[in-house]
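For reference, the chains in residue letters:
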Amino acid sequence: MERFIIDTDPGIDDAGALFWALATDKFHVEALTTVFGNVNVQKATANARKITHLSGRPDMPIWVGAPRPLVGEPNFAEHIHRPSGVGYWEYPDPAPGTDGPTEAVQKMIDLVMSNPGEISIMALAPLTNVALAISLEPKFAENVRRIIYMGGAALTWGNASPVASANIFNDPEAAEIVVQSGAKLTQVGLDVCRKFSVTPDRVEKLWTSGSPMGRALCDMIGYPDRHQDTTEMPEWKLEGMHLNDVPCVAYAINPDWFQARHLRVDVELDGKHTRGQTVVQMVDRWGGVPNVDVLLDIDAAAVADALVESVTAFGTRN
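Residues numbered from 1 in each chain as written. Predicted model: local features only at pLDDT ≥ 70, side-chain atom pairs only at ≥ 80, totals over all residues. Heavy atoms only, no water.

Now for the environment of Asp-305. With respect to the helices and strands, Asp-305 occurs in helix 14 (residues 300-313). According to the relative accessible area criterion, Asp-305 is partly exposed, its value standing at 40%. For the pair Asp-305 and Arg-202, spaced 103 residues apart in sequence, the C-alpha to C-alpha distance is 7.9 Å. Separated by 2.8 Å, the side chains of Asp-305 and Arg-202 make a polar contact. (Helix = DSSP H or I, 4+ residues; strand = E, 2+ residues; numbered from the N terminus. Buried < 20%, exposed > 50% of the residue type's maximum accessible area, 1.4 Å probe, protein only. Polar contact = N/O pair within 3.5 Å; in protein donor to acceptor, adjacent residues only side chain to side chain.)

So, about the packing of helix 1 (residues 12-23) against helix 2 (residues 41-54). Relative orientation of the contacting elements helix 1 and helix 2 amounts to 35°, with a least axis distance of 10 Å. Along this stretch, helix 1 crosses helix 2, giving a crossing that reads as right-handed. Residue-level inspection shows Ala-15, Leu-18, Phe-19 and Leu-22 of helix 1 in contact with helix 2, the latter providing Ile-51, Thr-52 and Leu-54. When the residues that make up the contact of helix 1 with helix 2 are grouped by side-chain class, the tally is 6 nonpolar, 1 polar and no charged. (Axes fitted to C-alpha atoms, helices over the stretch in contact; angles between N-to-C directions. Left-handed = near helix turned anticlockwise from the far one by under 90°. Contact = heavy atoms within 4.5 Å. Nonpolar A, V, L, I, M, F, W, Y, C, P; charged D, E, K, R; others polar.)

Scanning the model with the defined rule gives 14 salt bridges in all. Note that Glu-173 is salt-bridged to Arg-275, the shortest N-O span being 2.9 Å. You can see Glu-173 sitting in helix 8 (residues 172-179) and its partner Arg-275 sitting in the loop between strand 7 (258-267) and strand 8 (278-281), a full 102 residues away along the chain. Glu-173 sits in the buried class, given a relative accessible area of 18%. Asp-266 is the partner of Arg-264 in a salt bridge, and the nearest nitrogen-oxygen pair spans 3.0 Å. According to the relative accessible area criterion, Arg-264 is buried, its value standing at 19%. If you follow the salt bridges from partner to partner, you end up with Glu-2, Arg-145 and Arg-146 in one network. (Salt bridge = Lys/Arg side-chain N within 4 Å of Asp/Glu carboxyl O.)

Listed below in structure tokens is the structure:
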């Protein structure tokens, strides 16, 4: 069974992905590492504790990671996820004040290097932790089994700028280190995430199931009590839940739900209007050596149905 470290910045979409990852029996989650992104790293770490606790995994190692990008300042997304990072969900932190030292990068290195070829990374956040691990340990990239990262856009527009996805825009230097590392990489970008959502009828199924995970996801978007108020979080309420991180879990479970091509990817670092863009060579005219499996299409209905089925069937193991 494949073993994953999940690097995360919860985030409503991270919550959906983590609930599914912790519910599935298709792979094993070894640990979570946290990083700045949707919220600051302290809030991300607290949210990770809440999610693992609700999922019946209070023993899950959670290692605190980078609070800022390699260059510049962080760009949080509280305007999308609300100040808590998890929308309207109110759940007590099961272990407040226990963040511990900033050790995610070293822990990631130690686990990968002591289990060569066995540990994969699912990166649902800016790639700062992963890039630091690659930079600090010269053999990290050749010893990690694979890295599945959420971010990038090949044939679609951005969501943090006209051309850049949020996770890449938040630390372009880190993303460039990762894509040039030589590790086995899969880009789960906006090309597939934009096509995926948990539609309103499926949101209702999550709620009526009574599943703790399903109810938590509904609470995050204010369903049903605040669902008619579209002054806050309108994109979650009118169109369903845009859980961009969920396709990463889906790809780890069943790659047949996706169409992929092995392509050349570079990250723009200097452009005034294009910083953070993933520059994907769709044809080989420019001689770029392919370095990333880029997902370009998704069976969105199959993924949404599988997520809902898994989450609603899973109760806490407490």
